[in-house]
Amino acid sequence: MVQDKYEKLTSILQEMEKVVVAFSGGVDSTFLLKAAMDTLGTENVLAVTADSETYPTSELIEAKELAQLIGVQHQVIETSELAIPGYTENDKNRCYFCRSSLFDHLIPIMQEKGFENVVYGVIADDLSEYRPGMQAAKEQGVRGPLLEANLYKEEIRELSRERDLPTWDKPSFACLSSRIAYGEKITIEKLTKVEKAEAFLKSLDIRQVRVRTHEDVARIEVELGDMQIVLDHRERISKRLQDFGYKYITLDLIGYKSGSMNKVLT
């Protein structure tokens, strides 16, 4: 079944001929990039990574390393989500504004380089989540080959492992803005605070973490098996996060949940 889906993916990519891949270095975009390279070859694939305030430096470094590993042409562009009209207000359409702006940058690159399509790493799981960015892709003719092949996250991890991609077991990642509660203005100070807090928690051997930010409150989400690490380092974590600017430090007993901020939208 999974191999059938992979064959469908390669068929979709073959039809596209030359693609610009929106490449973040995450599980999905890395697999899509690898599949595109294996199917179309070096001359017909360009990876583009957008470096912005919402994209941690550690992720950019990893994206560069992955592009080099895969052997793809890689271009890093500078963007600014905070400069997008409507973005910093942080309403439910935030991700629409972000994706729309990203594609506004990628489409001219596609045209300039003589490529045929812009593609991004949307997957079948996303159909059951709140993903306003999918509307932006539809409006601009940007395609999602992984979704078109009906590939799910676990299948992508399996296929990535078969191809020796180091991202096969990488924790899921979303932009730093997704940590800030809807309706709370997004600022560079808040994004920096989130990035520092999550980096510190990861230094304690916690792989999957979100520091959800509700004004002065840090709501820490980790997987259930890592909660004891947080409790064992309770005093260190509290002090460090307070140093970063949080007044109250909490641990979410439900644990890590992708898109947990979206609960207020339903």
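Residues numbered from 1 in each chain as written. Predicted model: local features only at pLDDT ≥ 70, side-chain atom pairs only at ≥ 80, totals over all residues. Heavy atoms only, no water.

## Points about the overall build of the chain
Short version of the rule: Going along the chain from the N terminus, every DSSP run of H or I of four or more residues is numbered as a helix, and every run of E of two or more is numbered as a strand. The quantity called the radius of gyration is restricted to C-alpha atoms. Its globule counterpart is 2.2 Å times the number of residues to the power 0.38. Residues are treated as being in contact if the distance between any of their heavy atoms lies within 4.5 Å. In this description, accessible areas are obtained by the Shrake-Rupley approach with a 1.4 Å probe, and a residue is regarded as covered only by the protein chains that are shown. Charge counting follows a simple rule: Lys and Arg are positive, Asp and Glu are negative, and His as well as the terminal groups are ignored. The atoms used to mark charge sites are NZ of Lys, CZ of Arg, CG of Asp and CD of Glu.
On a plain count of helices and strands, the chain comes out with 10 helices and seven strands. Against the 2.2 N^0.38 benchmark of 18 Å for 266 residues, the chain shows a C-alpha radius of gyration of 19 Å, consistent with a compact globule. A principal-axis box enclosing the C-alpha atoms of the chain has dimensions of 55 × 40 × 35 Å. Within the chain, residue pairs in contact and separated by at least 24 positions form 73% of the contacts whose partners lie at least 6 positions apart. Accessible surface, the chain as shown: approximately 12700 Å² in total, 49% of it carbon and sulfur. A distance of 4 Å separates the average location of the 34 positive side-chain charges in the chain from that of its 44 negative side-chain charges.

## Side note on the pattern of salt bridges
Applicable threshold: Take a side-chain nitrogen of Lys or Arg and a carboxyl oxygen of Asp or Glu: if they are within 4 Å of each other, that pair is a salt bridge.
All told, the structure shown has 17 salt bridges when counted by the stated rule. The closest approach of N and O atoms between Lys-34 and Asp-38, which form a salt bridge, is 3.4 Å. Separated by four residues within a single helix, Lys-34 and Asp-38 lie in helix 2 (residues 27–40), roughly one turn from each other. One salt bridge in this structure joins Arg-131 and Asp-126, with 3.1 Å as the shortest N-O distance. Each of Arg-212, Arg-219, Glu-221 and Asp-252 takes part in salt bridges that share partners, so that together they form one network.

## Some words on the sheet that holds strand 1 (residues 19–22)
Within a sheet, neighbouring strands are paired by backbone hydrogen bonds and run either parallel or antiparallel to one another. Spelled out, the test is: For two strands to be treated as a pair, DSSP must find no fewer than two bridges joining them. Between N-to-C directions, angles cover 0 to 180 degrees, with each direction set by a line fitted to C-alpha atoms, over the stretch in contact for helices.
The parallel open sheet is built from four strands, whose spatial order is 3-2-1-4. Looking at the sheet topology across the chains shown, the edges are occupied by strand 3 (73–78) and strand 4 (117–119). Between one strand axis and the next, the sheet turns by 25 degrees as a mean value, whatever way the strands run. Pairing of strand 1 with strand 2 (residues 45–51) involves four bridges; the strand directions are parallel. Residue pairing for strand 2: Ala-22 is matched across the bridge by Val-48. Running at roughly 160 degrees to strand 3, helix 3 (residues 57–70) makes contact with strand 2 and strand 3 of the sheet.

## With respect to unusual backbone geometry
The phi torsion at Asn-150 lies on the positive side, around 60 degrees, for a residue other than glycine. Tracing the chain through its elements places Asn-150 in the loop between helix 6 (145–148) and helix 7 (153–162). The phi dihedral of Asp-164 falls on the positive side, at around 60 degrees, and the residue is not glycine.

## Digging into the packing of helix 2 against helix 7
Note the cut-off: Small angles under 35 degrees read as roughly parallel and large ones over 145 as roughly antiparallel, with 65 to 115 read as roughly perpendicular and the rest as oblique. Left-handed describes a crossing in which the near helix is turned anticlockwise from the far one by less than a right angle; the clockwise case is right-handed. Only Asp, Glu, Lys and Arg are considered charged in this grouping, and only Ala, Val, Leu, Ile, Met, Phe, Trp, Tyr, Cys and Pro are considered nonpolar; every other residue, Gly among them, is considered polar.
Across the interface, helix 2 lies against helix 7 with an axial gap of 10 Å and an inter-helix angle of 50 degrees. Looking at the two axes, helix 2 sits oblique to helix 7. Note that helix 2 runs across helix 7; the crossing there is left-handed. Note on element contacts: helix 7 touches helix 2 through Lys-153, Ile-156, Arg-157, Leu-159 and Ser-160, opposite Val-27, Asp-28 and Phe-31. Broken down by class, the residue content of the contact of helix 2 with helix 7 amounts to four nonpolar, one polar and three charged.

## Observations regarding the nonpolar core
Rules: Residues belong to a common nonpolar core when they are buried Ala, Val, Leu, Ile, Met, Phe, Trp, Tyr or Cys residues joined through side-chain atoms within 4.5 Å. The rule is simple: take the accessible area with a 1.4 Å probe, protein chains only, and divide by the maximum for that residue type; under 20% is buried, over 50% is exposed, in between is partly exposed.
Counting residues in hydrophobic clusters, the biggest one holds 34 residues, and the most contacted among them are Leu-9, Phe-31 and Val-45. Counting residues per element, the ones that place at least two in this core are helix 1 (2–16), strand 1, helix 2, strand 2, helix 3 and helix 7. The element contributing the most residues to this core is helix 2, with eight residues. Those residues in contact with Phe-31, other than ones at most four positions away along the chain, are Tyr-6, Leu-9, Leu-146, Leu-151, Ile-156, Leu-159, Ser-160, Arg-163 and Leu-165. Counting residues in each nonpolar core, the second largest holds 23 residues, with Tyr-87, Leu-201, Val-211 and Ala-218 among its members.

## Re the UniProt feature "active site" (unreviewed entry) in the chain
Definition in use: UniProt positions are given in the numbering used here, feature names are shortened, and annotations may be inferred rather than shown by experiment.
As recorded in UniProt, the feature "active site" (unreviewed entry) lies at Cys-175. Note on placement: Cys-175 falls in the loop between helix 7 and helix 8 (188–202). Of the residues examined, Cys-175 reaches a relative accessible area of 23% and is grouped as partly exposed. Residues contacting Cys-175, with those up to four places away along its chain left out, are Thr-54 and Tyr-87.

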